[in-house]
Amino acid sequence: MGEDKFDVIIVGGGLAGSTAAYILAQEGMEVLVIERGNYSGSKNMTGGRLYGHSLEKIIPEFAKEAPVERRISKERFSLLTKDSAVTLEYAGAKTGTPGCESYSVLRAGFDRWLAEKAEEEGAMYIYGIRVDDLIVRDGRVCGVIAGDEEMESDLVILADGVNSLLAQKIGMKKELLPSQSAVGAKEIIQLDAATIEQRFQLNPGEGLAWIFQGDCTDGRIGDGFLYTNKDTVSLGVLTTIEDIDGKETTIPQLVDRLKNHPAVKPLIEGGKLVEYSAHLVPEGGYSMVPTLYRDGVLLAGDAASLVINLGFMIRGMDLAIESGRLAAQTAAAAKEKGDFSADTLASYQQALEDSFVMKDLKFYDGYEKVMEDRRLYQDCPAKADRLFADLFVVDGSGAKDISKKIVPDLIEGLENYNS
Amino acid sequence: MNIIVCMKQIPDTSEIKIDPETNTLIRAGVPSIVNPYDKNALEAAVQLKEQHGGTVTVISMGPPAAKEALKECLSLGADRAFLITDRAFGGSDTYATSYILASSIRHIGDYDLIICGMQAMDGDTGQTGASMSEHLGIPQLTYAVKIEVEEDTVTVHRETDDGVMVLSTKLPALCTVGKDINEPRSATMKSKMRANKIDISEIHVDDMPGIDREKIGLKGSPTRVKKTYTPTIKKSGKKLEGLTCNEAVEALAGFLTEKKILKGELV
């Protein structure tokens, strides 16, 4: 392998970057991955659950060897007020069938595994180096600059995360707006596997994904989450940056609020806090996705803003992996053709449009506006609480005519949703 | 000129915590680093190589995970790296460690100079380098702030309270260095790629037939830890809370008068 020029340089060794590296190395291309952290995954964070389908295409049955935590078999959704929870739980036969699996993961271990897979295939990884800038000649990206050192390549794939300062530097992306990004804060709480399985009623190896709305964000746009890992629980909140101001509560206080909520507290009782982390999440939806190619450069993963947040479901990693795969395929075709111009690389954007990535993003286009309706976080949990209190609480003051109450409430709720 | 640098991978001392019950270091989750003085030793070796040619070999005794630290040394200019690793070495104190390192150096052979960091920041004993020179029967020049080599002679400067001591000896010799000798370089993309391509060899106890197995591991370690303790931190200061300004002043004055720090009455 030459040391002066590579076919492809990938900035960022996360899931998008390592997926691209894995495939490019398999294709026999000379690929260099430059990761800023001391190892892949050291700077990455997820809530988190990985929907397995996109990685399954690349490494079939990856969960048998990858450090996944638990296969998710149970979904929960709760509307929270300060002292109540209305919870929906779903456990279906389909959640475990091939092609539908999802897994709780911790990135520090998972990304490292994927990077090692790519290295085994022949990709060159260097860690602890920050790429400061791109080499641009006549509008064409020709490599990367770190400190006073330059490294050239036919193609640069920017998989450098949500901010992607490099994409910003060459004008492919604008600075993130507070309304287009959220901050996720998470604690990892240690329990033992048996306790987790008992408290969350899980079979060994199976896991729970739980999303909360309402009190845990103090009425702000956002949600709370809880995922069971092998012997830890990941728990935290996700709040739109724009909505952080204007309330007294801080982000760490929101995490505490969720931890101390009566629906959650007994489940993590006696657990030990072993890790705390926070990260930005792009959530501008389809309209935030920029043009993802230019002469000599492609964007993938969070750098390309490929995240779907529906409140009850948050997806980013499966999109990142697919974008990495398609970027690699585009690069391999470009190498074959000997042409890395924007005209050739445009097929990447087309491939993404034809894939589930853009189809799903487009399907939910505008959904972020629904998510911005504060009633979801304030009125809905309170209404649900009142409704179920009327259904279930007996205080001797006489039964309430529930039919008169539920029906108008439901209608009003539906009208709110439609408007 | 062939130089051997001894390196220890240690827990990052800036992130160390002590278990209050067992008085031992909590190693779990603490990142590992190259002992900082050993980076100075490596830099000194690489600079000498740049002046005189030859090779720089880094050796480290430790678990397989120490290969990460050896790789970092390769990215900082070393040409070869050996990991000295074996279950039989477990539990070694400085005496046994220096014997194992010396035996490994004999096994590697062909060296002119050995450079060590003056001590490891996790143990701070500062004995291993000096003991190794005794095991190998070569001169030692410790706490060097400058190393110069001319033909078969090494000259070091060593700072003392009274001034600078200049010492010379014939090669082969062993030097130990502190942080004042140089500013270690940073790795670059190219140097990291170069490091990726160098295989790190392992040395096991069976590779050294001449080694005395009575002198290694826990069995070969005369050091016994009788007791460890964490110094208690005296809590100083007292916080006056929930008082009005006047009440706070009076309480403070009362406290200071009682402790005989302040004399007289408040007006």
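What counts and what doesn't
- Residues numbered from 1 in each chain as written.
- Chains lettered and ligands numbered in written order.
- Predicted model: local features only at pLDDT ≥ 70, side-chain atom pairs only at ≥ 80, totals over all residues.
- Helix = DSSP H or I, 4+ residues; strand = E, 2+ residues; numbered from the N terminus.
- Rg over C-alpha atoms; globule rule 2.2 N^0.38 Å.
- Buried ≥ 20, exposed ≤ 12 C-beta atoms within 10 Å, placed from the backbone.
- Contact = placed C-beta atoms within 7 Å.
- Domains from an automatic or database assignment.
- Arc of directions from axis to C-beta.
- UniProt positions renumbered as here; feature names shortened; annotations may be inferred.
- Nonpolar A, V, L, I, M, F, W, Y, C, P; charged D, E, K, R; others polar.
- Pairing = 2+ DSSP bridges.
- Axes fitted to C-alpha atoms, helices over the stretch in contact; angles between N-to-C directions.

(A) The arrangement of the overall build of chain B in detail. Scanning chain B from N- to C-terminus turns up six helices and 11 strands. Against the globule reference of 18 Å for 267 residues, chain B gives a C-alpha radius of gyration of 25 Å, more extended than a compact globule. With the C-alpha coordinates aligned to their principal axes, the bounding extent of chain B is approximately 85 × 40 × 40 Å. Within chain B, the fraction of its 267 residues that count as buried is 35%. Counting contacts in chain B only where the partners sit at least 6 residues apart, residues at least 24 apart contribute 70% of the total.

(B) Focus on the domain arrangement of chain B. Segmenting chain B into domains produces domain 1 (2-215) and domain 2 (237-267). Each of domain 1 of chain B and domain 2 of chain B was reduced to a C-alpha centroid, and the two centroids are 57 Å apart.

(C) Focus on helix α5 (residues 189-196) of chain B. Among the residues of α5 of chain B, Met-189, Lys-192 and Ala-195 of chain B are the ones counted as buried. Taken down its axis, α5 of chain B places every buried residue within 125 degrees of arc, on the same side. Elements in contact with the buried residues of α5 of chain B: β2 (31-35), β7 (124-127), β9 (140-146) and β10 (149-158) of chain A together with α2 (67-75) of chain B.

(D) Molecular detail of the UniProt feature "domain: Electron transfer flavoprotein alpha/beta-subunit N-terminal" (unreviewed entry) in chain B. Mapped onto this numbering, the UniProt entry gives "domain: Electron transfer flavoprotein alpha/beta-subunit N-terminal" (unreviewed entry) at residues 22-207 of chain B. As annotated, residues 22-207 of chain B comprises 31% helix and 30% strand, and the C-alpha atoms at either end are separated by 37 Å.

(E) Main features of the interface of chain B and chain A. The interface is formed by six residues belonging to chain B together with eight residues belonging to chain A. Tallied by class, the residues present in the side of chain B that touches chain A amount to two nonpolar, two polar and two charged.

(F) Representation of the sheet that holds strand β11 (residues 201-203) of chain B in the model. Residue and element names in this part refer to chain B. The mixed open sheet is built from nine strands, whose spatial order is β9-β8-β7-β10-β6-β1-β4-β5-β11. The outermost strands of the open sheet, each flanked by one partner alone, are β9 (163-170) and β11. Along the sheet, successive strands turn relative to each other by an average axial angle of 30 degrees, direction set aside. In terms of strand pairing, strand β4 (residues 55-61) meets strand β5 (residues 80-84) through five bridges, oriented parallel. Bridge pairing links Val-58 to Ala-81 in β5. Against the sheet, α2 engages β4 and β5, with an angle of about 165 degrees to β5. Across the face of the sheet, helix α3 (residues 94-108) comes into contact with β1 (2-6), β4, β5, β6 (113-117) and β11 while running at roughly 145 degrees to β4.

(G) Structural view of the environment of Leu-42 of chain B. All names here are of chain B. Along the chain, Leu-42 falls in helix α1 (residues 36-52). For the pair formed by Leu-42 and Pro-184, sequence separation is 142 residues and the distance between their alpha carbons is 8.0 Å. Beyond its immediate sequence surroundings of up to four residues, Leu-42 is in contact with Val-5, Met-7, Val-58, Cys-73, Leu-76, Gly-77 and Ala-78.

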